[in-house]
Amino acid sequence: MAIFKNFKIYNNELCPCKSGKKYKECCKIKPTKTFPNEKASIAFIHKLFRKSLIKTCVYDGCAAKAKDIIDAHAMQENKILIQLCENDEVYMLPIKEKHPEILSFFDGTKEPIHFLELIHKKNATVQNCFCSKHDNNLFAIIEKAEYPFRKDNIEQLFMFAYRTFAFEYYKARMMPSFFSKCCKEIPQLMKVKKIVFQYRQAIKKNEELEHYKSIFDNAIKSKDFSQLETYTLELPYNISFANYCSIAPVFCLDGKSVWSIKNGKMKRLFISVFPDNGKSYVLISVFKQDMDVYKHFFDCLRNSNDELLIMYLNAILPFYSENMIISPRLWDFWNNSQRMYVNFMVSETSFEKHLIEMQKNFIAINRFNYTVNQDTLDNMKVNLFKKIR
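Residues numbered from 1 in each chain as written. Predicted model: local features only at pLDDT ≥ 70, side-chain atom pairs only at ≥ 80, totals over all residues. Heavy atoms only, no water.

### A closer look at the pattern of salt bridges
Evaluated as defined, the whole model comprises 20 salt bridges. With its nearest N and O atoms 3.3 Å apart, the salt bridge here joins Lys279 to Glu234. With a gap of 45 residues between them, Lys279 in strand S12 (residues 279–287) and Glu234 in strand S7 (residues 228–235) connect regions that are remote in the sequence. Taken together, the salt bridges that share partners define one network made up of Glu168, Lys171, Lys205 and Glu322. (Salt bridge = Lys/Arg side-chain N within 4 Å of Asp/Glu carboxyl O. Helix = DSSP H or I, 4+ residues; strand = E, 2+ residues; numbered from the N terminus.)

Have a look at this one:
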């Protein structure tokens, strides 16, 4: 069956190391690389990951050299991050800076986990994916002080979605290179089913996002910002976290499944969450050409109350996105148990099990007409949208 092809590298396919040889003639027959201990192997893999993060501008046609690529922020440092900071720091996953820790669980399994740590705002949400020219020109309308955010400004809505996409695209573009390096340097990894599956998924995601890149590129060049449908949630206070992600959720607010794969490609939403000078916004965007997939999803958004949407976002955002930026004010408000819960959510531990349970909860809410209100949110294990001050 086709599904099993995702878990194995076949003899006659090209080797993932990009040598141009068949797998059976290349990395399959290489000797196993040994390490003195598990910690050393994780550190080596993280080193390969860092080597994969090349400097490049993702703007279509840009030929900027590495020296012209800047530390671009997915969330603007002096407009959004500054509102979350304490002592110029926020909590984030230090994925680029540190390799993960290996935790052993009661069932004998082991999982690599990054824990959220304090990161200076100048290093938060940073990737080397734009040159200074295109970073400044493209995002001026959502970053410069002279352009206050307006939820009816379609160019601003478009650029928030594009910025989210661009940073997700950059990471996806780097992953095939990472797996190629892993195959070349640690050949035994490509005999592990889980690793092969992740490699196949990385290739597929990269192809899918290339499709979206061409749509975004053409829209920017033609200045046609009307191709997106955006639902905006406005809150009358500053939230204490921010997030950006490009995802394909598996269920709607009413618990019904979303069949996001069409013609073999996954259709995605582009989500930005941020505080903005006394207010906060959640922007959920989709290309209008994908509304056949997400029509019911957006109908649920329009027909639900704000509390139900907040409950839903609390359920999915930490698991779908590693791009959580949390203010120390919110982090300090939580107790140790809540902080550990957030760490495990963001590290995607028991990902599928969590989503199944959450979907059941939203099915029950819809079926029995439960009312989700502020009391419901106050009784949640963790509420990212908690008003701190």
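### Notes on the pairing of strand S8 (residues 241–247)
Most of S8 is tucked away: 7 of the 7 residues are buried. A two-sided burial pattern is seen for S8, the buried positions comprising Phe241, Asn243, Cys245 and Ile247 on one face and Ala242, Tyr244 and Ser246 on the other. Pairing geometry for S8 and strand S13 (residues 324–326), over 3 bridges, is antiparallel. Looking at S13, one finds that Phe241 is bridged to Ile326. (Buried < 20%, exposed > 50% of the residue type's maximum accessible area, 1.4 Å probe, protein only. Pairing = 2+ DSSP bridges.)

### Remarks on the nonpolar core
Soluble globular proteins tend to bury their nonpolar side chains together. Counting residues in each nonpolar core, the largest one holds 130 residues, and the members touching the most others are Phe130, Tyr162, Phe297, Phe298, Ile326 and Phe385. The element contributing the most residues to this core is helix H5 (residues 154–185), with 17 residues. For Phe298, the contacting residues outside a window of four places in its chain are Glu229, Thr230, Tyr231, Leu269, Ile284, Ser285, Val286 and Met291. (Core = buried A, V, L, I, M, F, W, Y, C linked by side-chain atoms within 4.5 Å. Contact = heavy atoms within 4.5 Å.)

### Some details on helix H6 (residues 193–222)
Side chains of residues three or four places apart in an α-helix project in the same direction, reflecting 3.6 residues per turn. Taking 1.5 Å per residue, 30 residues should reach 44 Å; H6 reaches 44 Å between its end C-alpha atoms and fits that length. Looking one or two places after H6, you find Lys223, whose phi comes out positive at around 55 degrees. (Expected span 1.5 Å × (residues − 1).)

### A look at the packing of H5 against H6
It is the contact of H5 with H6, at a shortest axis distance of 8 Å, that shows an interaxial angle of 145 degrees. As for the relative orientation of H5 and H6, their crossing is left-handed in sense. Here the residues of the contact of H5 with H6 are counted per class, giving 18 nonpolar, 2 polar and 6 charged. (Axes fitted to C-alpha atoms, helices over the stretch in contact; angles between N-to-C directions. Left-handed = near helix turned anticlockwise from the far one by under 90°. Nonpolar A, V, L, I, M, F, W, Y, C, P; charged D, E, K, R; others polar.)

### Overview of the environment of Gln201
Within the secondary structure, Gln201 sits in helix H6. Separated by 22 residues in sequence, Gln201 and Phe179 have C-alpha atoms that sit 11 Å apart.

### Focus on the side chain of Arg329
Relative to the assigned elements, Arg329 resides in helix H9 (residues 328–333). A distance of 3.3 Å separates a polar atom in the side chain of Arg329 from the backbone oxygen of Cys85. (Polar contact = N/O pair within 3.5 Å; in protein donor to acceptor, adjacent residues only side chain to side chain.)

### Brief notes about the state of the cysteines
Think of a disulfide as a covalent bridge from one cysteine sulfur atom to another cysteine sulfur atom. The full count for this structure, using the stated rule, is 0 disulfides. There is no disulfide at Cys62, and the cysteine sulfur nearest it, in Cys57, is 3.6 Å away. (Disulfide = S-S within 2.5 Å.)

### Thoughts on the packing of aromatic side chains
Using the criterion set out here, one finds 37 aromatic pairs in the structure. Note on Phe158 and Phe216: the rings are 5.5 Å apart at their centroids and 65 degrees apart in plane angle, and the pair reads as edge-to-face. Remark: Phe216 occurs in helix H6 and Phe158 occurs in helix H5; sequence separation between them is 58 residues. Taking relative accessible area as the criterion, Phe158 reaches 1% and is therefore assigned buried. Note on Phe216: relative accessible area 0%, which makes it buried. Between Tyr162 and Phe216 the ring centres are 5.5 Å apart and the planes differ by 55 degrees, which places this aromatic pair in the tilted class. Of this pair, Tyr162 sits in helix H5 while Phe216 sits in helix H6, and the two are 54 residues apart along the sequence. For the cation-ring pair, Lys381 lies above Tyr341, with the distance from its terminal atom to the ring centre recorded as 5.9 Å. (Phe/Tyr/Trp six-rings, centres within 6.5 Å; stacked < 30°, edge-to-face > 60°. Lys NZ or Arg CZ within 6 Å of the ring centre and 35° of its normal.)

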